Amino acid sequence: MTDPKKLFIKTYGCQMNVYDSERMAESLGASGYVQTDQIDGADMVMINTCHIREKASEKLFSDLGRLRPAKEANPNLKIAVAGCVAQAEGAEIMRRMPLVDLVVGPQSYHRLPEMEAKIQKGERAIETEFPVEDKFDHLPERKAMRGPAAFLTVQEGCDKFCAFCVVPYTRGSEVSRPPERLLAEARNLASRGVRELTLLGQNVNAYSAGGYGLARLIREMAQLDGIQRLRYMTSHPNDMEDDLIAAHGDCPALMPYLHLPVQSGSDRILKAMNRKHTADDYLRVLDRVRNARPDILLTSDFIVGFPGETDADFQDTLNLVRKVGYGMAYSFKYSARPGTPAAEKLDVDTAVADARLQELQALLTSQQRAAQDAMVGQVVDVLYEKAGRLDGQMVGKSQHLHAVHVTDAAGQVGQLVRVRITESKSNSLAGVPLG
Ligand code: SF4
């Protein structure tokens, strides 16, 4: 019997990329690969890229440059590039980097086995078209899961065309997977010990297929044996339909956590971003969600220094943050993505944008701290995901997605345990099980 080949994947970006990396590893399982955490000794190194953040392609090219000595030492080492940078710049990657054997876009990774066969013959393989067939039809069944929490991609692509974002160009227009297949995949995951599912999509609350919207899909998944918790991300404020908001109040398996990006608190900037909603529209949606589920933890994304942003616009963003009170948020300085409408506009002065980012992050960090500190003394449910580094310690997530370290010598991975929070640390909570 031949030894399995080793596959090392470096994943950048969002949870959708984490999910894609798992599915690509499973797909290459058909070609005799097993995943490894060690880059040394790997037979294939794959970089799963993200195009959202600053300098994505520069990062990729410097990663590839660092792989050159390994490739020179071992010409049999295969180097693959996947994800959104592969989609957007595949031909350029092939041209500039002869050491790359394979380039695969996010809609094409079901073709990996045939592409791998091609590169084994010494050819190079590139696949970045959006194929008509559903890649999910061609992927192997999910393998044993690594823990009780898993991602499940239910929707891909986006039709919103925010002025700063490449997703509509790299992932294509919105496609929702059929509900019966998703329910079957969820059932299968539950039979393999998964207890918590995060439903993923670039614009997940636009999910629509076979008469199902996201709320109906969530309600039916909540009925499946073994599935105890559900979450979803990432959402657009304009797609927070009534039934989805209602589900936050009446579907106990839907966790009190919502990531709803707003990007800016200024109506002028929201318009320039082509977000198609105002700050007030967004705040009204949050009011309704909080009415349905008062203890919900809210998180968001912000871009500062979008072209044309004035001090007054930035103050509007700070005011919105103060009004909402976020449990967590991501904030970034605007950086132009080639090919997007905003890339044509004049950037805000770098020093000004840096100062704004610092001020916003200080405010968001203080809110995050306050939300975490407020948990001390409270009782939460923790799903144990792994043993902690200390003996007799388990680590898991609360309903609000706080990481919790629990002193519990009898704890088992996959258990859902009532825990009293005793301490708030820098990025996690500590607690003890209720007797
Ligand atoms: S809704 Fe999200 S994914 Fe879609 S274009 Fe806007 S930022 Fe990009």
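Our subject is the structure that appears above.
Residues numbered from 1 in each chain as written. Predicted model: local features only at pLDDT ≥ 70, side-chain atom pairs only at ≥ 80, totals over all residues. Heavy atoms only, no water.

> Where do I start with the overall build of the chain in this structure?
Secondary structure summary: the chain contains 12 helices and 21 strands in total. Radius of gyration (C-alpha) of the chain: 22 Å, near the 22 Å computed for a compact globule of 435 residues. Seen through its principal axes, the chain has C-alpha atoms that stretch 60 × 60 × 45 Å. For the chain, with 435 residues in total, the buried portion stands at 53%. In the chain, the share of contacts with a sequence separation of at least 24, taken over all contacts with a separation of at least 6, comes to 71%. Summed over its atoms, the accessible surface of the chain is roughly 19,200 Å², and 50% of this surface lies on carbon and sulfur atoms. Here the chain carries 53 positive and 57 negative side-chain charges, and the mean point of each set is 2 Å from the other. (Helix = DSSP H or I, 4+ residues; strand = E, 2+ residues; numbered from the N terminus. Rg over C-alpha atoms; globule rule 2.2 N^0.38 Å. Buried < 20%, exposed > 50% of the residue type's maximum accessible area, 1.4 Å probe, protein only. Contact = heavy atoms within 4.5 Å. Areas by Shrake-Rupley, 256 points an atom, 1.4 Å probe, with all protein chains shown as cover. Lys, Arg positive; Asp, Glu negative; His and termini not counted. Charge placed at Lys NZ, Arg CZ, Asp CG, Glu CD.)

> Is there a simple way to explain the pairing of strand β3 (residues 44-49) in this structure?
On a regular strand, one side chain projects to one face of the sheet and the next to the other, so that they alternate. Judged by how many residues are buried, β3 sits mostly within the fold: six of six residues are covered. Residues M44, M46 and N48 point to one face of β3 and V45, I47 and T49 to the other, with burial holding for every one of them. Judged from the five bridges that link them, strand β1 (residues 5-11) and β3 form a sheet pairing that is parallel. Its bridge partner being in β3, K10 is matched across the sheet by I47. (Pairing = 2+ DSSP bridges.)

> Would you mind showing me how to read the nonpolar core here?
As a rule of thumb, soluble globular proteins bury nonpolar side chains together. One finds L197, L199, M221, Y232 and Y326 to be the most contacted residues of the largest nonpolar core, which totals 81 residues. No other element matches helix α10 (residues 279-292), which puts six residues into this core. Split by domain, this core shows at least three residues from each of two domains, domain 1 (5-127) and domain 2 (135-373). The residues touching Y232, leaving out its near neighbours within four places in the chain, are T198, L199, V204, L214, I218, M240, L244, H248, L254 and L258. Residues L60, L67, I93 and M97 belong to the second largest nonpolar core, which totals 20 residues. (Core = buried A, V, L, I, M, F, W, Y, C linked by side-chain atoms within 4.5 Å. Domains from an automatic or database assignment.)

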